[in-house]
Amino acid sequence: MDDSLIAKRLEVLRVEHRDLDSAIAALLDGSSTDQLQLARFKKRKLRLRDEIALLEDQLVPDIIA
C-alpha cells in the first residue's frame, strides 16, 4: 500500500473513531443506557485505534538510533 492510500485510510478511520466518541457520549447521556451497544462501540473504537496505530507505523520509516 503506498503512502497516499495509507493517508486516505487513516483519515477515514480517524473520522469513524471521532464518530464513535460522539455515539458513546450520546449513549452515556441518554436516560436508558444500552450496555451491550456501549460495549460494542467501545470495542470497535479500540480496534480502530489499533488499526490507526498500525497504519501510522507504516508511514513513519524505521530509524535505527
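For the structure itself, look to the data block above.
Values in this document were obtained by computation on a predicted structure and should not be read as measured data.

Overview of the nonpolar core
Here is step 1: Of all hydrophobic cores here, the largest spans seven residues; its members are I6, L10, L13, L20, L48, I52 and L55.
Here is step 2: Elements with a contribution of two residues or more to this core: helix 1 (3-29) and helix 2 (35-59).
Here is step 3: Here this core gets four residues from one element, more than from any other, and that element is helix 1.

Focus on the pattern of salt bridges
Here is step 1: Under the counting rule described, the total for this entry stands at six salt bridges.
Here is step 2: Ionic pairing is found between E51 and R9, a salt bridge with its closest N-O pair at 3.0 Å. One end of the pair, E51, is in helix 2; the other, R9, is in helix 1, and 42 residues separate them in sequence.
Here is step 3: Of the charged contacts in the structure, one is a salt bridge between K45 and D21, with a shortest N-O distance of 2.2 Å. Here the residue K45 occupies a position in helix 2, and D21 occupies one in helix 1, the gap between them amounting to 24 residues.
Here is step 4: The exposure class of D21 is partly exposed, given its relative accessible area of 33%.

Describing the environment of Q37
Here is step 1: Tracing the backbone shows Q37 in helix 2.
Here is step 2: Sequence separation between Q37 and A23 is 14 residues, and the spatial gap between their C-alpha atoms is 9.9 Å.

With respect to helix 1
Here is step 1: Over its 27 residues, helix 1 extends 39 Å from the first C-alpha to the last, a length consistent with the 39 Å expected when each residue adds 1.5 Å.
Here is step 2: For helix 1, the set of buried residues is I6, L10, L13, H17, L20, I24 and L27.
Here is step 3: Where the residues of helix 1 are buried, they touch helix 2.

Cut-off values and rules
- Each chain carries its own residue numbering, running from 1 in the direction its sequence is written.
- With the structure being a predicted model, the display of local features is reserved for residues of pLDDT at least 70 and the display and counting of side-chain atom pairs for 80 or more, all residues being used for whole-chain, interface and lining totals.
- No hydrogens and no water enter the side-chain calculation; it runs on all heavy atoms of the structure.
- In this description, a nonpolar core means a group of buried Ala, Val, Leu, Ile, Met, Phe, Trp, Tyr and Cys residues linked to one another through side-chain atoms lying within 4.5 Å.
- Here the term buried applies to any residue with accessible area under 20% of the maximum for its type, exposed to any over 50%, and partly exposed to those in between, with areas from a 1.4 Å probe on protein chains only.
- Every helix listed is a DSSP run of H or I at least four residues long, and every strand listed is a run of E at least two residues long, numbered separately from the N terminus.
- Salt bridge criterion: a side-chain nitrogen from Lys or Arg within 4 Å of a carboxyl oxygen from Asp or Glu.
- Multiply 1.5 Å by the residue count of a helix minus one, and that product is the helix's expected span.
- We call two residues in contact whenever any of their non-hydrogen atoms come within 4.5 Å of each other.

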